[in-house]
Amino acid sequence: MLNPADQAFCSVLAQAVPGLSMTAPEPRYLEEPRGLLAGLAGVVVKPVTTTQVAGVMRACHAARVGVVPYGGGTGLVGAQVQTEGAAPVILSLEKMAAVRAVDDHVLVIEAGATLAETQAAAAAQGRLFPLTLASQGTARIGGCLATNAGGVNVLRYGNARELCLGVEAVLADGTVMAGLKRLRKDNTGYDIKDLLIGAEGTLGVITAASLRLFPQPASQGTAMFVVPSPAAALDLLALAEARMPGCISAFELIARQGLEFLDEVGPPVHQPFATRPDWMILLEIGLPEGIDAEEALAGLFEAAGTLVEDGVIAQSGAQRVQMWALREALPEANKRIGSISSHDISVPLPDLPRFIAQASAAVQAAGDFRINCFGHVGDGNLHYNVFPAQGRARAEYANARGRVKDMVHEIVDGFGGSVSAEHGIGRLKVDDLERFADPGKLAAMRAIKAALDPLGIMNPGAVLR
Ligand SMILES: Cc1cc2nc3c(=O)[nH]c(=O)nc-3n(C[C@H](O)[C@H](O)[C@H](O)COP(=O)(O)OP(=O)(O)OC[C@H]3O[C@@H](n4cnc5c(N)ncnc54)[C@H](O)[C@@H]3O)c2cc1C
């Protein structure tokens, strides 16, 4: 049931945007995966065309009503749930999911297509759209661009920004920016596309994008290698890159604690090593015609010497799926255990082992915690998450969260790292941005926000206060 003010504005919207689909907010629009924040909403609108999006924005701008652009709701920093202030309009792109054009190099697709649908559209053309996230069945391509999502293939193909050639977007006042260029080179002034990517819906609504497509690798190989330390993992990465330049698609670090969480709470997955190793790597390669990926991985195992203590190489598609299922189950296991504080951090690659050692020593000295440190080690990006000791509840650590988070983020900052490597700022990290961002950068961000959204209606409270 909408409140009277919302109902009155719905009438305005209905008049301004003929045929607009509007619903009272179902719970799924007000929740987020971490379960930390509860959102507000007056109404959910589901436009089917860019013209309708522009109409919604013009009406909201005229009435100074806040708008939260909405993709799949899988964001991990609360950017998609407005928690304070007047209830906003949730502008869901879910009904805009059409493929507008596709050729061997570029896919032009609407923002509401899920990432899995986007990958499938590329595959139907015999091509690859390489962005890969565990949330890809639900996350939508507009959301992936708005958060500049990363995932497991950044090492080889780059993050969402690097995969995008152009965007069509609607700005706060309803202006349509028709930027669906397919150009690799375009130096015509400020790159507004690159401002919208990663802006988390605070500068405009992305309605469609032109995306780069790649050749499908002729031969794909996946392996899990036990490594003695994070430093050995980096040496193994260097060796793999030297032997197969440009062919390493994923290089994921997994810690024993994550494997033990899977044993403790599930989800049930096949564990390749009977004794859970301290550290292991999930490695994926994609090779051109004429080179067998399994042989290449076996060759790497041989050449690695003491860098690898044990290993399994997938012998079939089913085994490959099994290996990825383990990696993708880690966030769910973490959720079931319940973290005290989660950190999506990056540091310069050579500093990664020192960061892990320093942060772990500091956290262990501060109390009785468990640490699950895993992630996209090839990108210098770790999910460094801190949990209660076995048998203890998260509630017992209510006062520890801020302390732990500050401690980890200060160490990250000391290495010149980032306190949000791939998830964004949203609402959960606004304080961290203010604390750790360069003041010059923050001032420029505020100026851009004021110029493009002077009334502050785009996703109020996200990224900037
Ligand atoms: C299990 C799991 C695994 C994940 N793994 C990864 C990972 O490996 N790497 C990674 O980077 N992230 C990961 N994520 C986080 C999340 O999936 C990504 O941030 C994803 O890009 C969000 O897309 P979405 O469509 O769900 O966006 P939403 O959650 O709906 O929105 C996120 C932000 O984008 C804005 N937005 C959404 N659509 C638009 C639009 N069309 N125009 C403008 N703004 C818009 C919203 O306002 C909000 O600020 C994971 C999440 C889960 C639950």
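Note that this is a predicted model, so its numbers are computed, not measured. Residue numbers here run from 1 along each chain, matching the order of that chain's written sequence. Side-chain atom pairs in this predicted model are given and counted only at pLDDT of 80 or more, local residue features only at pLDDT of at least 70, and totals for whole chains, interfaces and linings cover all residues. Hydrogen atoms and water are omitted, and side-chain values are computed over all heavy atoms in the structure.

Caption draft 1: Inspection of the overall build of the chain at higher detail. Note on conventions: DSSP H or I runs of at least 4 residues are helices, E runs of at least 2 residues are strands, and numbering of each starts at the N terminus. In terms of helices and strands, the chain carries 14 helices and 18 strands. Relative to a compact globule of 465 residues, whose C-alpha radius of gyration would be 23 Å, the chain shows 23 Å and is just as compact. If one aligns the C-alpha atoms of the chain with their principal axes, the spans along those axes are about 70 × 55 × 40 Å. Taking the intrachain contacts of the chain between residues at least 6 apart in sequence as the baseline, contacts between residues at least 24 apart amount to 73%. The method behind every accessible area is Shrake-Rupley, applied with a 1.4 Å probe, and residues are considered shielded solely by the protein chains displayed. In the structure as shown, the chain presents an accessible area of about 19,100 Å², 53% of it carried by carbon and sulfur atoms. His residues and chain termini do not enter the charge count, which takes Lys and Arg as positive and Asp and Glu as negative. Note that the charge is assigned to NZ on lysines, CZ on arginines, CG on aspartates and CD on glutamates. Positive and negative charge centroids in the chain, built from 38 and 48 side chains respectively, lie 5 Å apart. Put simply, the radius of gyration uses C-alpha atoms, and a globule should come to 2.2 Å times the residue count raised to 0.38. Working rule for contacts: check all heavy atoms of both residues, and any pair within 4.5 Å makes them a contact.

Caption draft 2: Molecular detail of the packing of helix H1 (residues 4-16) against helix H2 (residues 50-63). For helices, the fitted axis covers only the stretch in contact; all axes are lines through C-alpha atoms, and the angles between them, taken along N-to-C directions, range from 0 to 180 degrees. Where H1 contacts H2, the axes come no closer than 9 Å and their chain directions differ by 140 degrees. Considering their axes alone, H1 and H2 lie oblique with respect to each other. Note on packing geometry: the crossing formed by H1 with H2 is right-handed. The residues of H2 that touch H1, namely those facing Phe-9, Leu-13 and Ala-16, are Val-56, Ala-59, Cys-60 and Ala-63. Gly is put with the polar residues, along with every residue not named as nonpolar or charged; the nonpolar set is Ala, Val, Leu, Ile, Met, Phe, Trp, Tyr, Cys and Pro, and the charged set is Asp, Glu, Lys and Arg. Grouping the amino acids of the contact of H1 with H2 by side-chain chemistry returns seven nonpolar, no polar and no charged. The cut-offs work like this: below 35 degrees is roughly parallel, past 145 is roughly antiparallel, 65 to 115 is roughly perpendicular, and the gaps in between are oblique. With the far helix as reference, a near helix turned anticlockwise by less than a right angle produces a left-handed crossing, and one turned clockwise produces a right-handed crossing.

Caption draft 3: Focus on the environment of Asp-186. By secondary structure assignment, the location of Asp-186 is in the loop between strand E9 (176-179) and helix H6 (192-196). In this scheme, a residue with accessible area under 20% of its type's maximum is buried, one over 50% is exposed, and one in between is partly exposed, where area comes from a 1.4 Å probe on protein chains only. The class for Asp-186 is partly exposed, based on a relative accessible area of 34%. Placed 126 residues apart in sequence, Asp-186 and Val-312 show a C-alpha to C-alpha distance of 45 Å. Polar contact criterion, stated in full: a pair of N or O atoms within 3.5 Å, where within protein one must be able to donate a hydrogen and the other to accept it, and residues adjacent in sequence count only if both atoms are side-chain atoms. Of the polar contacts made by the side chain of Asp-186, one reaches the side chain of Thr-188; its length is 2.8 Å.

Caption draft 4: The arrangement of the site of the ligand in detail. If you check the shell around the ligand, you find 34 residues, and the closest are Pro-69, Gly-72, Thr-74, Gly-75 and Ser-135. Between Gly-72 and the ligand, the recorded distance is 2.8 Å, taken from a backbone N or O atom to an oxygen atom. At 3.2 Å, a side-chain N or O of Asn-459 approaches an oxygen atom of the ligand. Within the residue set of the shell around the ligand, elements represented by two or more residues are strand E3 (67-70), helix H4 (141-146) and strand E10 (204-212). Top contributing element to the shell around the ligand by residue count: H4, with four residues. When grouped by side-chain class, the residues that make up the shell around the ligand number 14 nonpolar, 17 polar and three charged. In this document the domain limits rely on a domain assignment from an automatic tool or a database. Both of domain 1 (4-92) and domain 2 (99-215) provide at least three residues apiece to the shell around the ligand. Note on terminology: near, applied to a residue and a molecule or strand, indicates that one of the residue's heavy atoms is within 4 Å of it.

Caption draft 5: Expanded view of the domain arrangement of the chain. Split into domains, the chain comes out as domain 1 (4-92), domain 2 (99-215) and domain 3 (219-414). With centres defined by C-alpha atoms, the gap from domain 2 to domain 3 works out at 28 Å. Contacts between the two partners involve seven residues from domain 2, matched on the other side by 15 residues from domain 3. Between domain 2 and domain 3 the total buried area reaches about 900 Å² when both faces are included, carbon and sulfur atoms providing 55% of it. Here's the idea: put two parts together, see how much 1.4 Å probe accessible area each one loses, and the total over both is what we call buried area. A per-residue breakdown of the area domain 2 buries against domain 3 is headed by Val-152, Leu-155 and Arg-156, which together make up 69% of the total. Salt bridges are defined by distance alone: a side-chain nitrogen of Lys or Arg within 4 Å of a carboxyl oxygen of Asp or Glu. Taken together, domain 2 and domain 3 are joined by zero salt bridges. Our count for the contact surface shared by domain 2 and domain 3 stands at four residue pairs in polar contact (both at pLDDT 80 or more). Counted by class, the side of domain 2 that touches domain 3 contains four nonpolar, two polar and one charged residues.

Caption draft 6: Looking closely at the nonpolar core. Only buried residues count toward a nonpolar core, which is a set of Ala, Val, Leu, Ile, Met, Phe, Trp, Tyr and Cys residues joined through side-chain atoms within 4.5 Å. Formed by 58 residues in total, the largest nonpolar core has its most connected members in Leu-13, Met-57, Leu-91, Phe-129 and Leu-145. Ranked by residues supplied to this core, first place goes to H2 with six residues. Once residues within four sequence positions are removed from consideration, Met-57 is found in contact with Val-67, Leu-91, Val-170, Leu-171, Ala-172, Gly-174, Val-205, Ile-457 and Met-458. The next biggest cluster of nonpolar side chains, apart from the first, holds 54 residues, and it includes Trp-279, Ala-296, Leu-307 and Ile-313.

Caption draft 7: Structural detail: the pattern of salt bridges. All told, the structure shown has 26 salt bridges when counted by the stated rule. Between Asp-453 and Lys-449 there is a salt bridge, and its shortest N-O distance comes to 2.7 Å. In this structure Asp-453 comes out as buried when scored by relative accessible area, which is 2%. Note on Lys-449: relative accessible area 16%, which makes it buried. Connected via shared salt-bridge partners are Glu-26, Arg-28, Lys-46 and Glu-94.

Caption draft 8: Spatial organisation of the sheet that holds E3. One bridge is not enough; two strands pair if DSSP finds at least two bridges between them. On the basis of which strands lie adjacent, the open sheet formed by four strands has the order E1-E2-E4-E3 and mixed pairing. Looking at which strands have only one partner, the edges of the open sheet turn out to be strand E1 (21-23) and E3. On average, each strand axis in the sheet is inclined to that of its neighbour by 25 degrees, with strand direction left out of account. One ladder, built from three bridges, connects strand E2 (residues 43-46) with strand E4 (residues 89-92); its direction is parallel. Along E4, the bridge assignment pairs Val-43 with Val-89. Sheet strands touched by H2: E2, E3 and E4. Its angle to E4, the strand with the most contacts, is close to 165 degrees.

Caption draft 9: View of unusual backbone geometry. Following Gly-266, the chain continues to Pro-267 via a peptide bond in cis, the omega torsion being 0 degrees. Note on placement: Pro-267 falls in the loop between helix H8 (256-265) and strand E14 (279-287). Look at Arg-64: it is not a glycine, yet its phi comes out positive at around 55 degrees. For Arg-64, the location among the structural elements is in the loop between H2 and E3. Classification of Arg-64 as exposed rests on a relative accessible area of 61%. Residues other than glycine seldom take positive phi values, yet Val-463 does so here, at roughly 65 degrees.

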